[in-house]
Amino acid sequence: MSSKSHSLRSALGKARCLGSAKDGTHHWWLQRVTAIALIPLTIWFVASLIALAGHDYAAFMNWFGQPINATVMILFLAVAFHHAQLGMQVVIEDYVSSHGWRTAINLLVKFACYALAALSIISILTIALGA
Amino acid sequence: MPTHNRPLSPHLQVYRLPLTALMSITHRITGIGLTIGTLLLTWWVTAAAYGVASFEQAQGFLGSWIGLLLLFGFSFALFFHLFNGVRHLFWDFGRYFELHETRRADIAVLVAAAALTVVVWVMALGG
């Protein structure tokens, strides 16, 4: 194509490379970063569930009372909720056509994810620091 | 401008979705399910932080038949999303886009997710 192309995008828009959503590949990239981090974290999470299955309260407290276990669990929770919130955003943007509802539901889901993340992380911290 | 012979987009009600398409929508459905499932996870760890009584209440629900059913669904959704997610990462690198490759990956993801679900439950209930 010639420099006088038929594109409706401005030269500045092309240079910024941010596309119509104005944030470029930021969302896409964060979803991949969190996805890759979640591979080992999920394997560890499932392994600890197996270790804790059939055991009592004391075993649970003892497990998360260990700094390494508490650290990995908090990483798992933080990354998992971040990933969930990013993924839900895409689903909501794809299927909720009304702009008002789309924004409202997106905000609600994001707030809920961050609230649950804070609650679960503080719970693990309470166990870790109290043990 | 002639309107005939244009490619039509497949209509969901009459178009038999190929397995890869079903895997794609299942990836989203499991993602939504896992997000909702974090409510149970948060309840579990928060109950533990509040003490033995609330922890045993949460454990009691998770050990009931409805709790076990939810956990079973949660585990399969988790492994499906994990394996299919890895396949998506391969796609991000531009790999395995050929039809026979996507077909093979579909089967591999399903078999791996089902197998890991069974293995994990045998280990959890046996150990």
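Residues numbered from 1 in each chain as written. Chains lettered and ligands numbered in written order. Predicted model: local features only at pLDDT ≥ 70, side-chain atom pairs only at ≥ 80, totals over all residues.

1. What about the overall build of chain A?
Phase 1 of the analysis: Helix and strand content of chain A: five helices and zero strands.
Phase 2 of the analysis: Secondary structure elements of chain A, listed N to C terminal, follow the sequence α-α-α-α-α.
Phase 3 of the analysis: Against the 2.2 N^0.38 benchmark of 14 Å for 131 residues, chain A shows a C-alpha radius of gyration of 21 Å, more extended than a compact globule.
Phase 4 of the analysis: Each principal axis of the C-alpha distribution contributes one length, and for chain A these read about 70 × 30 × 25 Å.
Phase 5 of the analysis: Across the 131 residues in chain A, those meeting the buried criterion constitute 20%. (Helix = DSSP H or I, 4+ residues; strand = E, 2+ residues; numbered from the N terminus. Rg over C-alpha atoms; globule rule 2.2 N^0.38 Å. Buried ≥ 20, exposed ≤ 12 C-beta atoms within 10 Å, placed from the backbone.)

2. With respect to the interface of chain B and chain A
Many analyses report the size of an interface as the accessible area lost when the parts associate.
Phase 1 of the analysis: The interface is formed by 25 residues belonging to chain B together with 25 residues belonging to chain A.
Phase 2 of the analysis: Mapped by element, the contributors of at least two residues to the side of chain B that touches chain A are α1 (19-50), α2 (52-63), α3 (65-92) and α4 (99-126) of chain B.
Phase 3 of the analysis: When residues in the side of chain B that touches chain A are grouped by element, the largest group, 12 residues, is from α1(B).
Phase 4 of the analysis: Class assignment of the residues belonging to the side of chain B that touches chain A gives a composition of 15 nonpolar, seven polar and three charged. (Contact = placed C-beta atoms within 7 Å. Nonpolar A, V, L, I, M, F, W, Y, C, P; charged D, E, K, R; others polar.)

3. Let's talk about the packing of helix α2 (residues 26-52) of chain A against α4(B)
Phase 1 of the analysis: In the contact formed by α2(A) and α4(B), the axes pass within 7 Å of each other and the chain directions differ by 30°. By the angle between their directions, the pair α2(A) and α4(B) is classed as roughly parallel. Here α2(A) contributes Val46(A), Leu49(A) and Ile50(A) to the contact with α4(B), which in turn contributes Val120(B), Met123(B) and Ala124(B). (Axes fitted to C-alpha atoms, helices over the stretch in contact; angles between N-to-C directions. Parallel < 35°, antiparallel > 145°, perpendicular 65-115°, else oblique.)

4. A few points about unusual backbone geometry
Of all residues except glycine, most have a negative phi; of all peptide bonds, most are trans.
Phase 1 of the analysis: Positive phi is not limited to glycine here, since Cys17(A) has a value of about 60°.
Phase 2 of the analysis: Relative to the elements of secondary structure, Cys17(A) occurs in the loop between α1 (11-16) and α2.
Phase 3 of the analysis: Here Cys17(A) falls in the exposed class, since 8 other C-beta atoms lie within 10 Å of it.
Phase 4 of the analysis: Phi is positive for Tyr96(B), close to 60°, though the residue is something other than glycine.
Phase 5 of the analysis: Within the element layout of this structure, Tyr96(B) appears in the loop between α3 and α4.
Phase 6 of the analysis: Looking at Tyr96(B), the number of C-beta atoms within 10 Å reads 13, which means it is partly exposed.

5. Things to note about the packing of helix α3 (residues 57-65) of chain A against helix α5 (residues 99-130) of chain A
Residues and elements named next belong to chain A.
Phase 1 of the analysis: Closest axis-to-axis distance for the α3/α5 pair is 8 Å, and the angle between their directions is 90°. Considered as vectors, α3 and α5 are oriented roughly perpendicular to each other. On α5, the residues touching Met-61, Phe-64 and Gly-65 of α3 are Ile-124, Ile-127 and Ala-128.
Phase 2 of the analysis: Class assignment for the residues of the contact of α3 with α5 results in five nonpolar, one polar and no charged.

6. Things to note about helix α4 (residues 67-95) of chain A
An α-helix turns once every 3.6 residues. As a result, residues three or four positions apart point the same way.
Phase 1 of the analysis: Across its 29 residues, α4(A) extends 42 Å between first and last C-alpha, which sits within 8% of the 42 Å expected from 1.5 Å per residue.
Phase 2 of the analysis: Buried within α4(A) are the following residues: Met73(A), Phe76(A), Leu77(A), Ala80(A), Phe81(A), His83(A), Ala84(A), Gln85(A), Leu86(A), Gly87(A), Met88(A) and Ile92(A).
Phase 3 of the analysis: Buried residues along α4(A) sit in contact with α2, α3 and α5 of chain A together with α1 of chain B. (Expected span 1.5 Å × (residues − 1).)

7. Section: the confidence of the model for chain B
Phase 1 of the analysis: Averaged over all residues, the pLDDT of chain B is 92; the fraction at 70 or higher stands at 97%.
Phase 2 of the analysis: We note a pTM of 0.89 for the whole complex and an ipTM of 0.89 for its interfaces. (pLDDT = per-residue confidence, 0-100.)

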